[in-house]
Amino acid sequence: MARGALRTGIFLRLLGAVWLQTPPQQDFWLLPDNVTAVTGEDVLLKCGVRARQGHVQWVKDGFGLGPDPRIPGFPRYHMTGDPNQGEFHLHISKVDISDDAEFECQVSRAESSPELVSPRISVTVLVPPKTIQMNPEVGSSVTWVAGEEYSVTCTSSDSKPEAEISFHQDNWLLPDVFPYTNPGSHEKFVTTEATVRVTPRPSDNGKLLVCEVTHPATKVPSKSSFTMNVLFPPGPPVIKWPGQLEGKAKAGQNLELLCVSQGGNPLATLQWLKNGKVISSVWETDHKQALARSLLPLTIQPEDNGAQLSCEAQNSMSPEVQEHSIALHITFPPSSIIILGSTSLEENKTTSFSCYTKPSNPEVLLRWWLGWRELVPTDVTVTDGLHGGRVTMSNVTHTVRRADNGLPLTCEAFSEAFAKETLKKSVTLNVKYPIQRLWIESFPEGEMFRAGNYIRLLCLATGGNPEPSLSWCKDKKPVVEPKSAAEQRSRGGVEKSGNTFTRELVLKLDPSDNQAVYTCKTTSNCKATNEQASASTKFHVQFPPINVTISANTTVLRPGDSVKLTCVSLSSNPPANLSWEKEGERLPGVPFKHRPSLRFRGSEASGSVFLHVSSQDHLRRVICKAHSPELRETVSAFYRLQVLYPPQFLDDQVLKVEAQEHGGALFPISVSANPAPEFFNWSFQGSKLSPDGGPRHRILPGGALKLWNLTKGDSGDYRLLCQNAEGVNETIIRLDIHYPPTIRTIRDVTEVDVGGSAEILCVVDANPVLPDMFQWERLGEEEQGLGDAEQTSQGLTGRLQIRQATLEQAGPYQCIVDNGVAPPARAVSQLVVRFAPEVEHPQPLTKVAAAGDRASSATLHCRARGVPDVVFTWAKNGVPLDLQDPRYTEHTYHQGPVHSSVLTIANVTAAQDYALFTCTATNNLGTDHTDIQIVSISRPDPPKDLRVMNITHHSVGLAWKAGFDGGLEQRFRVRYEAPETPGHLYVDVFPPRATTFTVEGLRPFTLYHFSLLATNALGDSDLADRGVRLPVTTIGMDEPSEETEDPSPTEPEWPPGLLLPALFALGALLVLGNASCLGYVFWRRKCGRRSAEGAKEEKPEEGSEARAGNEYEESRSSGRNAPSTTESSAEMEPYYHSMKDFNPQLPPTLEEEPQYRGLWPGHKYEEVAGPGPLYDEVERLYPLPGAWGAPYIGAQMGEWPRGAYEEPGRVYDLVPEDLPGQGQDYLPFNLQGELV
């Protein structure tokens, strides 16, 4: 009974061990969802796997990203989450358009679980518009005319999805917008363009026209705008008159009249006119209030009565001048009163006096006063006067009495309109009495005087009542003498001494005094010949010519005419001599003559000269000089020639004007003409420019032309026609508009053979054209010079010449054109250097392993560089391959100069396909080829280049290169010899596919010999490097550690005190585990024998089921062009298991007879697994040996990995049928082979 209980316990124990070693099935507990994100945001795609056994990776558009959480090659991608919790989320940082793709989460097949593939989800990336452009340009000020229709275009470029565009004019949404879309710069980008028709109103002036772009990637709509400068005429002018009665004012009143015109663009120009004549053209503008105003200071004059005062307003858009007129009504008194009639009267003499006023409005009344006595007028008349006034006249007759002597006779004017003003005019009556004797005291007769000298004459008189008023006459004309201070103190210049009156005359002699008769009279009437007494005297005066005159025989002169100029020296004493000069040059040999002159009783000289004139003589002076030798004085006169000639443009006339596009230009005029030019006519391209100006031009006073808002079309010759009464002349002024360069022609691609010469042309449109405006630069990730490339330019064409082109010179070249007008222009041309194909040979012989089971496929990769495109051909054992055979499928890929051919062979068999395939690359410059050997799945090739990376006290770091894996996943094992230990110690490398490893637990300062081998499911390789043992001595405790190359990470050392107990514990666990596994295996064998017959009967169903599984795998593979074979030329990246698959490294064990856990005879190591799906990865979509890479990763990355082969000529022809074993039970179905 005890034995039965013991057996039951052992059975239960073995059953529990088996249950514990059976892992649960892996499945998804969290599936990813579709995500929409804006470019630049982070995205997290969630994926949860329960009971994960396989390896997890994400797939983007059918491209596997690999199980490495860091996802090499995708710096913005990494997997996050806790793998122990089954979290394998994909985090994408700062998404861009390249992330707009389909993603799926995949878990690779494990020994006990099938592979898992999540549903495909989409990451939708929203890209806001790259730029927003408007036509007219954004931010500009666009000049429009009110009422006319214009087109506005707004473009939103490179967005995803398309943007919505609307227009707003002064915050009003514009209707009738016509949008349409175009492809963007990227296949997923869209460029949206919308057009609207706009009719501006005057109220739109200065307002913004806004293009609003709405896009789901932006929270706030993007806006661009430009300012509308709307031209429209101003409003009518308004004159603001002070007071209530418009036009009413008084003479002398000072007014300030304001004229205002509202609106208009540009604002109005104002001017004041009175009776049609401009009196003021001064005005100011107020842009804030949008008005123009002019203030006219006006002092009212009587002549303003009845005048028309008007204010005119206009601008360049006015169809006609607008004005406001006012009729003036002025009130004014008479400016003066005048009394007519003699006030000096003989006693008892009757005389008449008249009094009249200057014009007044209204008329006035007159009264007469003699002293304080009012006189009665004889008659009064009123007549019309100037400026709409009235003139009043009154006459009075009176007999003078002695008593009236000295009384004032007054005429007084008055009116109700001038109540505060009284106008009077008075004269004093005087009664005269005759005088007695009169004489002159003077110098002796015959004495000579010089003009300019002073002499003194004295006149004496006695008697007379009233007192005589002595006066001097010269040749019967009154002498006007200056009043000295003494004379101002005397009455009328006459001094009285008793009954004698005297008057002194001091003269400064002049030519008119020569032989002149000076008379002293008692009356002011020098011409009177009555009996009153008088006294006279005369004298002789010397003087130079008093005047020189020049006369011409004609006043109308034209170029080529002759003119006679006559010079006359009017009078001199003694006679003078004549001479001629023209612009400082003396005219010789001109005769003259003398004759007596009646003026001042001197001598007159005269002479003539003849001249031929030209247009250069206009306004030149011809001088005549009269010289008196005795007096040593000269008198000159000049005659300015007036020559009539048509307009002539001067030498300093500008014939070329330079300006910049969108700027302004001024055409100055330098012309000479007599008379002045009457008009200036400008024309451009046969069209006459309006003399009144236009939206973009104005003709200034003097004929100069001013332009603004210039465009390229304004360049050219401007013809100026200048005319006066004498004729017409014209000139041509060229306008040269400078504008930034625009590249018109440049090839996208320029091809040249290696060693040949290439020329890249860059043709631009620019002004000015500078000799050094072309620059070339080579583009690339790093700065590269142009080398020996030669840069030349001629006019608008720049050249980059490359001689003896090399492959290194291929690439993009940028043409930069800068003529000093911003911005510079840039364009890129690609230089393609043609060369013969160069097939990349990773190894002398490339191997590809495939199962010859008539169900598997093999993929051969061939890559070559060459330009132009390469054509690939394939041959098997030297015989061209018939690609029409359905077993062969070829895909060719071209990416720049790199070309790839992928040949897929379906239903591989050993007899047909284990052969040498040749890939030949050909273009019109040559050929090249490489050989690829298809071999069966086999043991791996030995590793090579085993070397020491670092040495410490207790460890040695090793590194090596992997060899051909035989078509299956390979692992590496380190073998080393320890001193005083029989046999060899073995350590399995972890992670399995790593090519660096640190052997721990060594003794200090001890010599070890290391070797390395590779193993896969079919066996072990030979030792690396032909079995060479690598001697290494560890470091002593007192020596520092050594590093020969980059050290690999090392595991923490075991503390010395815990090392032995840990080894014993692990050994016990190992023995117990082996016993459990052996029990389980024996139990499985017994169960398998019982069901053998049933299995044979059900084999067809199993085969069909297996084929269904392969068809599923193949359909997935063909959907993504994934390989089903392994290339020997691919150097595999280290493959790291997740933490779930991590097992602590066991201490090395001695070499001994292996104990098998499975049914594999001939294998040496306990790590070799028994029968099961060990090779199911051969047909997988993403095989582990490829590190989840795409079949064309080598061509895409631009580098072929180097293989690790020591025996390139060896062909592994071992096929699955020849493997040792017990029938077909020891291999999985896909390696057993089956007829197709």
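Residues numbered from 1 in each chain as written. Predicted model: local features only at pLDDT ≥ 70, side-chain atom pairs only at ≥ 80, totals over all residues. Heavy atoms only, no water.

## Things to note about the overall build of the protein chain
A tally of regular secondary structure across the protein chain gives nine helices and 94 strands. Counting the 1236 residues in the protein chain, one finds 43% classified as buried. (Helix = DSSP H or I, 4+ residues; strand = E, 2+ residues; numbered from the N terminus. Buried < 20%, exposed > 50% of the residue type's maximum accessible area, 1.4 Å probe, protein only.)

## Digging into the sheet that holds strand 43 (residues 454-462)
Sheets are built from strands that pair by backbone hydrogen bonding, the pairs being arranged parallel or antiparallel. Strand order in the open sheet formed by four strands is 41-43-47-46, with antiparallel pairing between adjacent strands. Unpaired on one side and paired on the other, strand 41 (438-441) and strand 46 (494-497) mark the two borders of the sheet. On average, adjacent strands in this sheet sit at an angle of 25° to one another, irrespective of strand direction. Pairing of strand 41 with strand 43, which is carried by four bridges, proceeds in the antiparallel orientation. By the bridge assignment, Trp-439 is partnered in strand 43 with Leu-460. (Pairing = 2+ DSSP bridges. Axes fitted to C-alpha atoms, helices over the stretch in contact; angles between N-to-C directions.)

## Regarding the packing of aromatic side chains
This structure, assessed with the given rule, holds 14 aromatic pairs. Measuring from ring centre to ring centre gives 6.2 Å for Phe-543 and Phe-600, while their planes differ by 90°; the resulting arrangement is edge-to-face. Of this pair, Phe-543 sits in the loop between strand 50 (540-542) and strand 51 (548-552) while Phe-600 sits in the loop between strand 55 (592-596) and strand 56 (603-612), placing them 57 residues apart in sequence. Classification of Phe-543 by relative accessible area gives buried; the value is 0%. Arranged with centres 5.0 Å apart and planes meeting at 50°, the rings of Phe-667 and Tyr-718 form a pair that is tilted. One end of the pair, Phe-667, is in strand 61 (residues 665-667); the other, Tyr-718, is in strand 67 (residues 716-724), and 51 residues separate them in sequence. Residues Phe-667 and Tyr-718 agree in their burial class; the two are buried. An aromatic cluster is defined as three or more aromatic residues linked by ring pairs; in this entry it consists of Phe-667, Trp-682, Phe-684 and Tyr-718. The ring of Phe-414 carries Arg-367 above its face, with NZ or CZ at 4.6 Å from the centroid. (Phe/Tyr/Trp six-rings, centres within 6.5 Å; stacked < 30°, edge-to-face > 60°. Lys NZ or Arg CZ within 6 Å of the ring centre and 35° of its normal.)

## Some thoughts on the pattern of salt bridges
Counted according to the given criterion, the structure contains 44 salt bridges. In this structure, Arg-197 engages Glu-149 in a salt bridge whose closest nitrogen and oxygen atoms are separated by 3.2 Å. Separated by 48 residues along the polypeptide, Arg-197 in strand 18 (residues 190-198) and Glu-149 in the loop between strand 13 (141-145) and strand 14 (150-159) bring together distant segments of the chain. For Arg-197, a relative accessible area of 44% corresponds to the partly exposed category. We note a salt bridge from Arg-450 to Glu-633, for which the minimum N-O separation is 3.5 Å. Residue Arg-450 is found in strand 42 (residues 448-450), and its partner Glu-633 is found in strand 58 (residues 633-640); the two are separated by 183 residues along the sequence. A relative accessible area of 32% means that Arg-450 is categorised as partly exposed. (Salt bridge = Lys/Arg side-chain N within 4 Å of Asp/Glu carboxyl O.)

## As for the sheet that holds strand 61
A sheet is described by the order of its strands in space; here three strands give the open sequence 61-66-65, paired in antiparallel fashion. Both edges of this open sheet fall to strand 61 and strand 65 (697-699), since each of them pairs with a single strand only. With direction set aside, neighbouring strand axes in the sheet form an average angle of 15°. Bridging between strand 65 and strand 66 (residues 705-707) involves three bridges; their strand directions are antiparallel. Note that in strand 66 the partner of His-697 across the bridge is Leu-707.

## Overview of the nonpolar core
The biggest cluster of nonpolar side chains holds 28 residues, and the ones touching the most others in it are Leu-45, Trp-58, Leu-90 and Phe-103. Residue assignment for this core shows that the elements contributing at least two residues are strand 2 (35-38), strand 3 (43-45), strand 5 (56-60), strand 7 (77-80), strand 8 (89-92), strand 9 (101-107) and strand 11 (121-126). With sequence-adjacent residues up to four places away left out, Phe-103 is seen in contact with Leu-45, Trp-58, Val-59, Lys-60, Tyr-77, Leu-90, Ile-92, Pro-119, Arg-120, Ile-121 and Val-123. Judged by nonpolar contacts, the second largest core, of 25 residues, contains Phe-972, Ala-994, Val-999 and Leu-1002. (Core = buried A, V, L, I, M, F, W, Y, C linked by side-chain atoms within 4.5 Å. Contact = heavy atoms within 4.5 Å.)

## Here we look at the confidence of the model for the protein chain
For the protein chain, per-residue confidence averages 80 on the pLDDT scale, and residues scoring 70 or more make up 81% of the total. In the predicted structure, residues 1087-1147 sits below a pLDDT of 50 and forms 113 contacts with residues beyond four places in sequence or in another chain. Between residues 1149-1236, whose pLDDT stays under 50, and residues either more than four places distant or in other chains, the model counts 223 contacts. (pLDDT = per-residue confidence, 0-100.)

## So, the environment of Pro-444
Along the polypeptide, Pro-444 turns up in the loop between strand 41 and strand 42. The exposed category is assigned to Pro-444, whose relative accessible area is 57%. Along the chain, Pro-444 and Thr-537 lie 93 residues apart, while their C-alpha atoms are 9.9 Å from each other.

## A few points about the environment of Thr-269
Turning to its location among the elements, Thr-269 is positioned in strand 24 (residues 269-274). Classification of Thr-269 by relative accessible area gives partly exposed; the value is 32%. Spatially, the C-alpha atom of Thr-269 lies 6.1 Å from that of Asn-315, the residues being 46 residues apart in sequence. Other than its neighbours up to four places away in sequence, Thr-269 contacts Trp-283, Glu-312, Ala-313 and Gln-314.

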